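Spelled out from the first residue to the last, the chains are:
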Amino acid sequence: MTYHDASRQLDYIRQSLSQNKKHVGFFIGAGCPLAVRVERQLEGGQTVNEPIIPDVAGLTNMIAAKLKTPAGGKESLYDRLAKLFVEDEKAQFNIEDALSMIRSMSQVAGKGSVRGFNAAELEQLDRSICEIISDIVDRNLPTKEGPYHDLAIWARSLSRDKPVHIFTTNYDLLMEEALEDASAPYFDGFIGSRNAFFDLGAVENEKLIGPRWLRLWKIHGSINWKLKPSQNAAAGSVIRSEKIEPGQKHLIYPSHLKFDQSRKMPYLALMDRLKDFISCPSAILFMSGYSFSDDHINDIIVSSLKNNPTAMVHAFLFGSLGGAGYAKAITCGQQTPNLVIAAQDEAIIGRRRAGWISVGVSEPGGLAQEVIHLLGVETDENEGRIPCQLNLGDFANLGLLLRSLSRDELQSTAHE
């Protein structure tokens, strides 16, 4: 039986994260906010510990509850939309699927209707969903001790020849909050202050900005992005603002549909940043909280890695690799030699799927104790090859790793 050595893999990851001359980036998926827990008091006085922001399934349930048909009232637009998924034999859908369907129908509705919806109803439903999403995910980090701050401090703790790139599919502002708390300068594609505007030219020429500035690329939009109508252009313009003015709408786009020019421009430009990053010589991308459910992102990752054998992507998955929802991740890993899929119990490294062992580490201490969980003890029979689990799929543990590296880097700098 073959295995992968978790202790060796951890050493390689630490070395890669300590590089200051290579292109190093992070991809923050929807699972990352689940690592930040907050206490909420229920009406009966009971206290529950829950994620600061729900996952996509939880978000879908909350939106469905708010937009469901009222008792004895007219059938809601959301419930009418849900029926279309049942008709299409896709009874299991999430809010991202719903927005994708709404916008695909909007493309062909024009002044008429499609599948029982007219353009005004589709616009109303789109706006209602995005407003609820914005309200749910508009949260502040409870403390300055957590994985988001660990990532922000690590990213600015070392003088780098290449800027750190952070990609995210999340709409929340948690990463921005952590970067600003850590006084880490970053560029997100917008220029200006009061109503910052998306500047495609600056994004495409971001290499002109110094490496001290991190790059933050929000692939699926953000709750503080707005679509501002323009009297001179049918498409309008994309701005970043803390408040929404009359006539503006939230710009959240979880699918790769190209909508109108305003929606298409940020999405395609930011997807190009992901492709360009992986195309850099010896680039290393670490992914957390991403389950490989987005086929368009998967295609960019796999095709870019195939075209650049010097690049590496490490995807850390929460829980078991054989768990529900990781079929696409397995497929991508087994066809791409330079894509590492690392779950708690198994990994795919070099296209080979196998369980974890820890070689020569019978009692890991410090950071290793948090990241590597031994499932046995060293004996003469196993010759130091102890079955174990690798827990980097938990964003909180990845934060601990980054925190230890930041401390090491600061101590090293102080002794120079």
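Details of the structure are given in the entry above.
Residues numbered from 1 in each chain as written. Predicted model: local features only at pLDDT ≥ 70, side-chain atom pairs only at ≥ 80, totals over all residues. Heavy atoms only, no water.

A. Quick peek at the packing of helix α4 (residues 95-109) against helix α5 (residues 119-137). Where α4 meets α5, the axes come as close as 10 Å, and the angle between the chain directions of the two elements is 150°. The orientation of α4 with respect to α5, classified from their angle, is roughly antiparallel. For the element pair α4 and α5, the recorded crossing hand is left-handed. Residues Ile95, Leu99, Ile102, Arg103, Met105, Ser106 and Ala109 of α4 touch α5, and the partners they reach there are Ala119, Leu122, Leu125, Asp126, Ile129, Cys130 and Ile133. Its residues placed into classes, the contact of α4 with α5 shows eleven nonpolar, one polar and two charged. (Axes fitted to C-alpha atoms, helices over the stretch in contact; angles between N-to-C directions. Helix = DSSP H or I, 4+ residues; strand = E, 2+ residues; numbered from the N terminus. Parallel < 35°, antiparallel > 145°, perpendicular 65-115°, else oblique. Left-handed = near helix turned anticlockwise from the far one by under 90°. Contact = heavy atoms within 4.5 Å. Nonpolar A, V, L, I, M, F, W, Y, C, P; charged D, E, K, R; others polar.)

B. View of the pairing of strand β16 (residues 312-316). Most of β16 is tucked away: five of the five residues are buried. Going residue by residue along β16, you find Met312, His314 and Phe316 tucked away on one face and Val313 and Ala315 tucked away on the opposite face as well. Across five bridges, strand β15 (residues 284-288) lies against β16 in parallel orientation. By the bridge assignment, Phe286 is partnered in β16 with His314. Note that β16 and strand β17 (residues 339-342) share four bridges and pair parallel. Across the sheet, residue Val313 finds its bridge partner in β17, namely Leu339. In this region the chain leaves β16, passes through helix α11 (residues 327-334) and returns to the parallel neighbour β17; the handedness of that crossover is right-handed. (Buried < 20%, exposed > 50% of the residue type's maximum accessible area, 1.4 Å probe, protein only. Pairing = 2+ DSSP bridges. Right-handed = clockwise from strand over helix to strand, strands pointing away.)

C. Structural detail: α4. Along its 15 residues, α4 runs 21 Å from first to last C-alpha, staying within 8% of the 21 Å computed at 1.5 Å per residue. The opening residue of α4 is Asn94, an N-cap whose side-chain oxygen sits 2.9 Å from the backbone nitrogen of Glu96. After α4 finishes, the residue Gly110 shows a positive phi value of roughly 60°. (Expected span 1.5 Å × (residues − 1). Polar contact = N/O pair within 3.5 Å; in protein donor to acceptor, adjacent residues only side chain to side chain.)

D. Molecular detail of a negative patch on the surface. A surface patch of negative charge is lined by Asp135, Asp138, Glu180, Asp181 and Glu242. Relative to the assigned elements, Asp138 resides in the loop between α5 and α6 (147-156). (Patch = residues over 30% accessible without salt bridge, like charges linked within 9 Å, V, L, I, M, F, W, Y side chains within 5 Å. Areas by Shrake-Rupley, 256 points an atom, 1.4 Å probe, with all protein chains shown as cover. Salt bridge = Lys/Arg side-chain N within 4 Å of Asp/Glu carboxyl O. Lys, Arg positive; Asp, Glu negative; His and termini not counted. Charge placed at Lys NZ, Arg CZ, Asp CG, Glu CD.)

E. Focus on unusual backbone geometry. Of note in this structure, Arg115 is not a glycine but carries a positive phi near 50°. Of note, Arg115 is situated in the loop between β5 (113-114) and β6 (117-118). Located in the positive-phi region is Phe292, a residue other than glycine, with phi close to 65°. Along the polypeptide, Phe292 turns up in the loop between β15 and α10 (295-307).

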